[in-house]
Structure formats: structure tokens, C-alpha cells
Amino acid sequence: MSNTVMSPRTTIPGYERWRRQIFAITWIAYAGFYFTRQTFSVAKLGILEDPVLSTTLTKSTLANLDAVYLTAYAAGQFVWGSVSDRYGPRIVLIGGLAMSAIATLFMGLLPALIFLVPLMIVQGLSQSTGWSGTLKNIAQFFSIGERGRVLGLWSTNYAFGGLAAAPFLGWVAYSVFDSWRISFFTGALVVVGVLVLVIAFQRNTPADVGLPPIEEYHSLEDLPPLDKDAKAIAEPSKSFREVFLTVTRDRMVMTLGAAYFLLKPARYAILLWGPVIVAERLNDAGNFKAITVPIAFGLAGLLAPF
């Protein structure tokens, strides 16, 4: 009698299709968030040229609004990961996309400081649902042994979002309609489309579609030993405070966090202010050209995660 263990991959129809589907829909979802994340960056050019708004929404005021947004974005990262663990990423992603679209729509309708401050807070909290929610979803369908390779491909989503969103929004706003407000409306419309796709195609876990957990999908030969232990680690019975303290005492986590923290100022300077920087330095550049020049940053970012 043969002692060969047959891989469950050959006996579970549909598993690979669902893995590809979850990869694709989470990739689209996170890339889609950039179409509302970058609307403010695109609109800044028109706001600063507006003879009425530019008297109150100066560059320093716009920068402070960015700080409000990023503070809310950072705070949301502490919340939505835990919510995804408890209730699943579906409700987090759907809620985040919906609120981001609504906040963006009202930013175009009510571009006054008294309204932009709370809208920026809502936008930051909404945008922060994306990373933890989509990663939680990927983790349910791909084992630890696969994730380096899979995430190398999957992580192109944020580079693509940063690459595609601003030029598209800028083209519609300044070349088609000649109105900076349209960037907000267009971004909101794109994200509503992404929301519909997420509702239709995203599922939280293999169990939601009648499939076994990822650990059972792989044969014993395919499954790295780490995966067996990681399942227990991924579902701790500790309180949020205990988990937080455990993570902050991990030297490697803090080292990686510090490195990423130090990269962020350069990245967000280009994402949030690239069009304005180019417009100020290229005297003959129109708004659309000022928006498209910084996509060189996104092109390089698209290749790097591989």
C-alpha cells in the first residue's frame, strides 16, 4: 500500500478559483481607496487658484487638513484590525468604502474649513479600514508559507492606486470639466463602483463558501510548520491591552515600524503635494501636467513589491 498523501488541492473543487477571486477583489478594493484618498491632492491646485477659497484655504491650512486626515488614519489602524478579527473584514471594508465615498462627495459640495475638518477625520478613519481589512482577508485564503510571494504581487495595489488615481481624477476635473470640485465627485463615483464589486465578490473566509480552512487545503508536505503554530497565535484569547503590549515589546515589530514611519514623510509629501510642487516649479505647466509628472513615483513603486 502506498504511503503517499494526496494533496487536498486535487479533491476540493473551486478552492483555487476562490483564492484568485479574493486576491483580485481585495487588490481592487485597496487600489480603489486611492481614488478618494487622492482627490484632495488633485483639488488643491484648483483651490489655491480660486480667488475666494484661497484666502481661507491657504497652503498652510491645507497642510493642517492633511495632518488631521493622517492623524485619523493612524488612529483608525489601531481599531479596524481588531474589528476585522472579531466581525470579519467584509463589514469593515464595505463600511469604509461607503463612508469614504460619502465624505469625498461632501468635501466637493462643502469646501469650507468648518466642514472640511470633520470630513477629513471621517475620511482618515474610512481609509484606514482598507489595509487591515484586506490583509485579514488574504490571510484567510493564503498560508504563511505563500504570503511573501503572494503579497509581493498583491502589494502592487497601493502603487497602482497612487499611479492611476491622480492622473485620472485630474484629467476628468481639469481637462474634461475644468472644475476642481469634479475630482471629488469622480473619486466618490469610482469608489461606489468598487463598493458594489466588494459586496458582490468578497467573502470573509473559505468557510463562507463551503470550503475548509487554508491549513486543510494544503497537504502536510506543502504546509510549513509555522502555520500550525500561527493559527493559535492569530486567534489570541488575550485582551486588546495585552496584545498591544505584546506587540510593542517585540523589537522586530518596533524596528520595522520605525523604518516605515521614517519613509512616510517622503511618500506622503509626493502623494499629497506632488501636483502643487510641480506646478510651482514648472511655470508653463497646466494643472493636468502638474498632476501627471509625479506618476513617475508610482511607476517605480509598481515594480518594487515584486
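Bear in mind the structure is a predicted one, so any value in this text is a computation, not a measurement.

What counts and how
Residues numbered from 1 in each chain as written. Predicted model: local features only at pLDDT ≥ 70, side-chain atom pairs only at ≥ 80, totals over all residues. Heavy atoms only, no water. Axes fitted to C-alpha atoms, helices over the stretch in contact; angles between N-to-C directions. Helix = DSSP H or I, 4+ residues; strand = E, 2+ residues; numbered from the N terminus. Left-handed = near helix turned anticlockwise from the far one by under 90°. Contact = heavy atoms within 4.5 Å. Nonpolar A, V, L, I, M, F, W, Y, C, P; charged D, E, K, R; others polar. Parallel < 35°, antiparallel > 145°, perpendicular 65-115°, else oblique. Phe/Tyr/Trp six-rings, centres within 6.5 Å; stacked < 30°, edge-to-face > 60°. Buried < 20%, exposed > 50% of the residue type's maximum accessible area, 1.4 Å probe, protein only. Lys NZ or Arg CZ within 6 Å of the ring centre and 35° of its normal. Expected span 1.5 Å × (residues − 1). Core = buried A, V, L, I, M, F, W, Y, C linked by side-chain atoms within 4.5 Å. Salt bridge = Lys/Arg side-chain N within 4 Å of Asp/Glu carboxyl O. UniProt positions renumbered as here; feature names shortened; annotations may be inferred.

S.K.: Account for the packing of helix α3 (residues 59-87) against helix α5 (residues 113-127), naming residues and giving values.
M.R.: In contact at an axis separation of 7 Å, α3 and α5 are set at 35 degrees when each is read in the N-to-C sense. The handedness of the crossing between α3 and α5 comes out as right-handed. Of α5, the residues touching α3 (which contributes T61, L65, V68, Y69, A72, Y73, G76 and W80) are L113, L116, V117, M120, I121, Q123, G124, L125 and Q127. The residue inventory of the contact of α3 with α5, partitioned by class, reads twelve nonpolar, five polar and no charged.

S.K.: Residues and numbers for the packing of helix α8 (residues 156-176) against helix α9 (residues 181-201), please.
M.R.: Between α8 and α9, whose axes approach to 8 Å, the crossing angle comes to 130 degrees. Judged by the angle between their axes, α8 and α9 are oblique. For the pair α8 and α9, the crossing hand works out as right-handed. Contacts between α8 and α9 involve F168, L169, V172 and A173 on the former and, on the latter, I182, S183, T186, G187 and V190. By residue class, the composition of the contact of α8 with α9 is six nonpolar, three polar and no charged.

S.K.: Quick one: what's the story with the packing of aromatic side chains, residue by residue and with numbers?
M.R.: The tally for this structure, following the rule as stated, stands at ten aromatic pairs. Ring centres of Y30 and W154 lie 6.5 Å apart, and the angle between their planes is 35 degrees; this geometry places the pair in the tilted category. Taken together, the residues Y30 in helix α1 (residues 15-37) and W154 in helix α7 (residues 144-154) connect sequence positions 124 residues apart. Per residue, the accessibility class of Y30 equals that of W154, and both read buried. Ring plane angle 45 degrees and centroid distance 5.7 Å describe the contact between W131 and W154, whose orientation is recorded as tilted. Here W131, found in helix α6 (residues 129-141), pairs with W154, found in helix α7; they are 23 residues apart in sequence, far enough to count as distant. Of the aromatic side chains, those joined through ring pairs into one cluster are Y30, F33, Y34, W131, W154 and Y158. If you follow R267 out to its NZ or CZ, it ends over the ring of Y268, 5.6 Å from the centre.

S.K.: Before we move on, can you summarise the side chain of N157 with the specific residues and values?
M.R.: Following the sequence through the fold, N157 ends up in helix α8. Accessibility expressed as a relative area gives 0% for N157, which makes it buried. Excluding anything up to four places from it in sequence, N157 contacts T26, W27, Y30 and A31.

S.K.: Any chance you could break down α9 for me, citing the residues and the numbers?
M.R.: Spanning 21 residues, α9 covers 31 Å between terminal C-alpha atoms, matching the ideal 30 Å at 1.5 Å per step. Those residues of α9 lying buried are I182, S183, F184, T186, G187, A188, V191, V194, L195 and V198.

S.K.: I'd like to hear about the nonpolar core, residue by residue, with values.
M.R.: Proteins that are soluble and globular tend to have nonpolar side chains buried together. One finds F40 and I47 to be the most contacted residues of the largest nonpolar core, which totals 60 residues. A total of nine residues in this core trace back to one element, the largest contributor, which is α1.

S.K.: Now, about the pattern of salt bridges: what can you tell me, with residues and values included?
M.R.: Across all of its chains, the model carries six salt bridges by this definition. E146 is the salt-bridge partner of R19, the closest N and O atoms lying 2.6 Å from each other. Linking R19 in helix α1 with E146 in helix α7, this pair joins segments that are 127 residues apart in sequence. For the residue pair R19 and E146, the accessibility class agrees, reading buried in each case. The residue R281 makes a salt bridge to E280 at a minimum N-O spacing of 3.7 Å. A relative accessible area of 41% means that E280 is categorised as partly exposed. Look at the salt bridges and you will find they share partners, linking E16, R19 and E146 into a network.

S.K.: So what about the UniProt feature "transmembrane region" (unreviewed entry) in the protein chain? Which residues, and what values?
M.R.: According to UniProt, the feature "transmembrane region" (unreviewed entry) maps to residues 21-40, 60-80, 92-121, 158-177 and 184-201 in the numbering used here. Segment residues 92-121 splits into 90% helix and 0% strand. End C-alpha atoms: 17 Å apart. With 100% helix and 0% strand, residues 184-201 has its two end C-alpha atoms placed 26 Å apart.

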